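If you want the building blocks of each chain, they are given just below.
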Amino acid sequence: MNRLLCGLAANPALPPELVDRLIALAATPPGPSDLPDPAGLSADYLADLLVRNLSERADLGPAQVAALAALDEDTPAQLAHSGHLGAGDVDPAVWPLAALALLDEGRGLPEWARRFAADPDPSLRQRLASCAGLPADVEDTLAADADPEVAAELAWSTTSAPVAARLARHPHAEVRQSVAGNEAVPPAALAALLTGHGLPPARSCLVCDGREIPFTHDPSFQDVDRDLPAGAGCDGTHGSAVHGTWARALSNPAAPPEAVAGFAGHPSVWLRLAVAEHPGLPAEVYARLAGDPAPRVRAAVARNPGAGPEVSRVLAADPEVDVRRAVAHHPRVPFDVLGRLTPTTRLGPHPLPPISAATPEELARGAASANGRVRMLVAHRHDLPPELRDRLAADPDASVAKAVAPHPGLSPERLRAMVALHGQQVLARVAANPDAPGDLLAELARHDPSARRALREIASHPNATAEALLPCLADGKSRVRAAAHPALPAAVVVGLLADPDPEVVEAAAGNPSLPPAVMAQLMP
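1. Description of the nonpolar core
By size, the foremost hydrophobic cluster in this structure holds 158 residues, and its most contacted members are Leu 8 and Leu 128. Examining the composition of this core, we find that seven residues originate from one element, helix H6 (residues 96–104), more than from any other. In this structure, Leu 128 is in contact with Leu 100, Leu 103, Ala 113, Phe 116, Ala 117, Leu 134, Val 138 and Leu 142, ignoring residues within four places of it in sequence.

2. Quick look at the packing of H6 against helix H7 (residues 110–117)
It is the contact of H6 with H7, at a shortest axis distance of 10 Å, that shows an interaxial angle of 125 degrees. In this view, H6 runs oblique relative to H7, as classed from their interaxial angle. Crossing of H6 over H7 shows left-handed handedness. Here H6 contributes Pro 96, Ala 99, Leu 100, Leu 102 and Leu 103 to the contact with H7, which in turn contributes Trp 112, Ala 113 and Phe 116. Partitioned by chemical class, the residues of the contact of H6 with H7 number eight nonpolar, no polar and no charged.

3. Quick word on helix H29 (residues 438–445)
Most of H29 sits out of view: six of its eight residues are buried. Taken together, the buried residues of H29 touch helix H27 (412–422), helix H28 (427–431), helix H30 (452–459) and helix H31 (466–469).

4. Here's the deal with a positive patch on the surface
Where like charges cluster on the molecular surface, the positive patch consists of Arg 346, Arg 373, Lys 402 and Arg 453. One can find Arg 373 in helix H24 (residues 372–379). Judged by relative accessible area, which is 41%, Arg 373 ranks as partly exposed.

5. Quick word on the side chain of Arg 57
With respect to the helices and strands, the residue Arg 57 is situated in the loop between helix H3 (43–55) and helix H4 (62–69). Only 2.8 Å separates the side chain of Arg 57 from the side chain of Asp 59, close enough to count as a polar contact. When near neighbours in sequence (up to four residues on either side) are disregarded, Arg 57 contacts Leu 8, Ala 9, Ala 10, Asn 11, Pro 12, Leu 14, Val 19 and His 84.

6. Structural notes on the packing of aromatic side chains
Considering all chains together, one arrives at one aromatic pair under this definition. The ring of Phe 116 carries Arg 115 above its face, with NZ or CZ at 5.3 Å from the centroid.

Conventions and cut-offs
- Residues numbered from 1 in each chain as written.
- Predicted model: local features only at pLDDT ≥ 70, side-chain atom pairs only at ≥ 80, totals over all residues.
- Heavy atoms only, no water.
- Core = buried A, V, L, I, M, F, W, Y, C linked by side-chain atoms within 4.5 Å.
- Buried < 20%, exposed > 50% of the residue type's maximum accessible area, 1.4 Å probe, protein only.
- Helix = DSSP H or I, 4+ residues; strand = E, 2+ residues; numbered from the N terminus.
- Contact = heavy atoms within 4.5 Å.
- Axes fitted to C-alpha atoms, helices over the stretch in contact; angles between N-to-C directions.
- Parallel < 35°, antiparallel > 145°, perpendicular 65-115°, else oblique.
- Left-handed = near helix turned anticlockwise from the far one by under 90°.
- Nonpolar A, V, L, I, M, F, W, Y, C, P; charged D, E, K, R; others polar.
- Patch = residues over 30% accessible without salt bridge, like charges linked within 9 Å, V, L, I, M, F, W, Y side chains within 5 Å.
- Areas by Shrake-Rupley, 256 points an atom, 1.4 Å probe, with all protein chains shown as cover.
- Salt bridge = Lys/Arg side-chain N within 4 Å of Asp/Glu carboxyl O.
- Lys, Arg positive; Asp, Glu negative; His and termini not counted.
- Charge placed at Lys NZ, Arg CZ, Asp CG, Glu CD.
- Polar contact = N/O pair within 3.5 Å; in protein donor to acceptor, adjacent residues only side chain to side chain.
- Phe/Tyr/Trp six-rings, centres within 6.5 Å; stacked < 30°, edge-to-face > 60°.
- Lys NZ or Arg CZ within 6 Å of the ring centre and 35° of its normal.

Treat this as a map of the structure, not an account of what it does.
Below, the structure is given as structure tokens:
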């Protein structure tokens, strides 16, 4: 087994008879001669990759699907996920994982759910509990399951408010911890999980199940207690699970603001962080958290949509750069605050939420700003009106032109003008433009001095020609992408099959330009 065969298995142009040969090869278990490849991937991993690539092919015939499904118990589930198996093809007693995969996608039969709910194997019941759209009677059965991990899985995934409310009172603390993050839980039940009012104490947790109390998990004994996180402990009050329940409930948007606000002064920074991320709190709570000693808490408040512009103005002067950067990600931060942030804070290459939400008038004002960094922020938005887009593309500031360069709709002439004006600074972003034609991409690939990032964009660009792709082979990361590009000449693709880099070999083997005769010669 090797990377070359895995690449062939994913090649959309692989002839059916060669697909059959690869399926037959997949049925042969790896032997002692199947050594790890140069990148360190084991023979077993490569065998699994071969089967996965084959299972995801869109051109499999019924006989090929049947042959793959007979390989092992996991492959039918992959075939079900890929759409090759439907309810009429699957016997849940023979292929339980495939049946569960279909149930999870809403393509299974209700009677399968009832069958798995009574299955003696708890792992199958747990997988069932994670499926969406289960019948009400099945959810009732799973909620009462004797295995707390089954009930916990249902607690995390159910969309039924009555079932979620019932699980919030479950005697096992881990089930409560799971349900605390579920937005289907009624607010009153979430409040009870946070305050404990009206909620009977949990009777057990994963820590005290089968262990003498008090118990604290020592991280050095992970092989013994691998089901426990480091530092987990229980003195009879299930402290670790209760703390985890609070954290999930505080992060749940459905949690009542008054119950969440009570944790704003908690000693745990993780719980205060969860409070700071909650979107529906009173203004005075956000103002208090804006002065929190932990920078990560202040940053969470700064980006929280529920916090008002007043908090943004305060935190825009924060000494921590991460807090100031978070202010820029608040969807309603005033434009003047953004302008104050740009001289001291790098705000990233992507459109900021306030830019994405800006009105046409605000965008026009930003594009006309004397501050080049503000113009750059506007230029990152790639659905600008054409006249605004073209004005920014001609901006004398390279950072502005670089931001607008990938904007769809820019003409080849305007893209060339940007390169002529700004040179290497904009090469990669121009190469990323979806409308860049093949001849322009070839010019960019030959540009002197070259830009490695531009080569990587060209190597995966759908408009790239052979002339544009050949220079990309000189760069390590671009070489892998170019090896998979269908515009690469067949003779070059064949030559890459002997490349010392196994990733290049796999990419070349998956290239649809590879001649079928060569594909046949590569088969063992």
